[in-house]
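# Per-entry structural report
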Amino acid sequence: LKNGFNNNIIEFCEFDHIGGHGLLLADASSNNLILNCDAHHCQDPLSPIPNDGADGLACQENSGANNTFRYCRAWWVTDDGIDTYHTPGFVTVEGCWSFWNGYNPGTFTHAVGGDGDGFKVGGGGPTVTSPINQNRRSYINCLAFQNWLAGFDHNFDNDTETWQSVLYNCTAYANGRDP
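Everything numeric in this text was worked out from a predicted model, so none of it was measured. (Residues numbered from 1 in each chain as written. Predicted model: local features only at pLDDT ≥ 70, side-chain atom pairs only at ≥ 80, totals over all residues. Heavy atoms only, no water.)

### Side note on the overall build of the protein chain
Within the protein chain one finds one helix and 17 strands. Within the protein chain, residue pairs in contact and separated by at least 24 positions form 78% of the contacts whose partners lie at least 6 positions apart. Of the roughly 8,000 Å² that the protein chain leaves accessible, carbon and sulfur atoms contribute 56%. (Helix = DSSP H or I, 4+ residues; strand = E, 2+ residues; numbered from the N terminus. Contact = heavy atoms within 4.5 Å. Areas by Shrake-Rupley, 256 points an atom, 1.4 Å probe, with all protein chains shown as cover.)

### Remarks on the confidence of the model for the protein chain
Looking at the protein chain as a whole, its pLDDT mean stands at 87, while 86% of the residues score no less than 70. Here residues 125-130 is modelled with pLDDT under 50, and outside its nearest four sequence neighbours on either side it reaches 10 contacts, counting other chains as well. Here residues 159-163 is a poorly scored stretch, pLDDT under 50, and it has nine contacts once near neighbours within four places are set aside; other chains count. (pLDDT = per-residue confidence, 0-100.)

### Focus: the nonpolar core
By size, the foremost hydrophobic cluster in this structure holds 21 residues, and its most contacted members are I34, L57, F69, V93, C96 and F119. Of all the elements in the fold, those that place two or more residues in this core are strand 3 (23-25), strand 6 (57-59) and strand 10 (91-94). If you look at the next biggest cluster of nonpolar residues, it comprises five residues, including W75, F99, Y103 and F145. (Core = buried A, V, L, I, M, F, W, Y, C linked by side-chain atoms within 4.5 Å. Buried < 20%, exposed > 50% of the residue type's maximum accessible area, 1.4 Å probe, protein only.)

### Re the sheet that holds strand 17 (residues 171-173)
With respect to topology, six strands assemble into an open sheet ordered 2-5-8-11-14-17, the strand pairing being parallel. Each edge of the open sheet is held by one strand with a lone partner, namely strand 2 (14-18) and strand 17. Across the sheet, the mean angle separating the axes of adjacent strands is 5 degrees when strand polarity is ignored. As paired elements, strand 11 (residues 97-99) and strand 14 (residues 143-145) share three bridges and run parallel to each other. (Pairing = 2+ DSSP bridges. Axes fitted to C-alpha atoms, helices over the stretch in contact; angles between N-to-C directions.)

### Observations concerning the side chain of T84
With respect to the helices and strands, the residue T84 is situated in the loop between strand 9 (82-83) and strand 10. Leaving out residues up to four positions away in the same chain, T84 has contacts with C59, V91, V93, K120, V121, G122, R137 and Y139.

### Section: the packing of aromatic side chains
Under the criterion given, the structure shown has 11 aromatic pairs. Both rings, one in F99 and one in F145, keep their centres 4.8 Å apart while their planes meet at 5 degrees; by these two values the pair is stacked. One end of the pair, F99, is in strand 11; the other, F145, is in strand 14, and 46 residues separate them in sequence. The class for F99 is buried, based on a relative accessible area of 10%. (Phe/Tyr/Trp six-rings, centres within 6.5 Å; stacked < 30°, edge-to-face > 60°.)

### Remarks on unusual backbone geometry
One non-glycine residue, N36, lies in the positive phi region at around 55 degrees. Residue position: N36 is located in the loop between strand 4 (33-35) and strand 5 (38-42). For N36, a relative accessible area of 23% gives the class partly exposed. With phi around 60 degrees, N66 is a residue other than glycine that occupies positive phi space. You can see N66 is positioned in the loop between strand 6 and strand 7 (67-70). For N66, a relative accessible area of 43% translates into the label partly exposed.

This is the structure we're talking about:
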């Protein structure tokens, strides 16, 4: 959903068996609530980097401010379950589950090229310049389990952006990078 998709509630939707992202908020999309939605069986083996553009639910590509994912689930996607990388606005992810990502859907065989993070928390890395707290992420009561790579990944953000992410009462279990 691009080009100023603003002030919407998307509720009880299912995004599945898609050759790319399940749901993507991008290009200045702001003030959206994604509520109780599911994304699963998403993969893109034919993209330039195979499986790297099939997130379940995403708010990225310079999306706007104040987008919320609440009580959503993402599984069997070849890239990341819920991805908020490279968006300059505030994003809240609350009560969401992300599991079995980074695999070819329906298997536990790694989808080569896909990251396989449950939640990609990163704000955009050193190329994003913004005022303090502009890239803030809040993850509240979220669960990540059995993802190929990490439950929660800061995606190589520099120190000034990483501290702007808040994880409260979140659990990561049996992910590839978890201790």
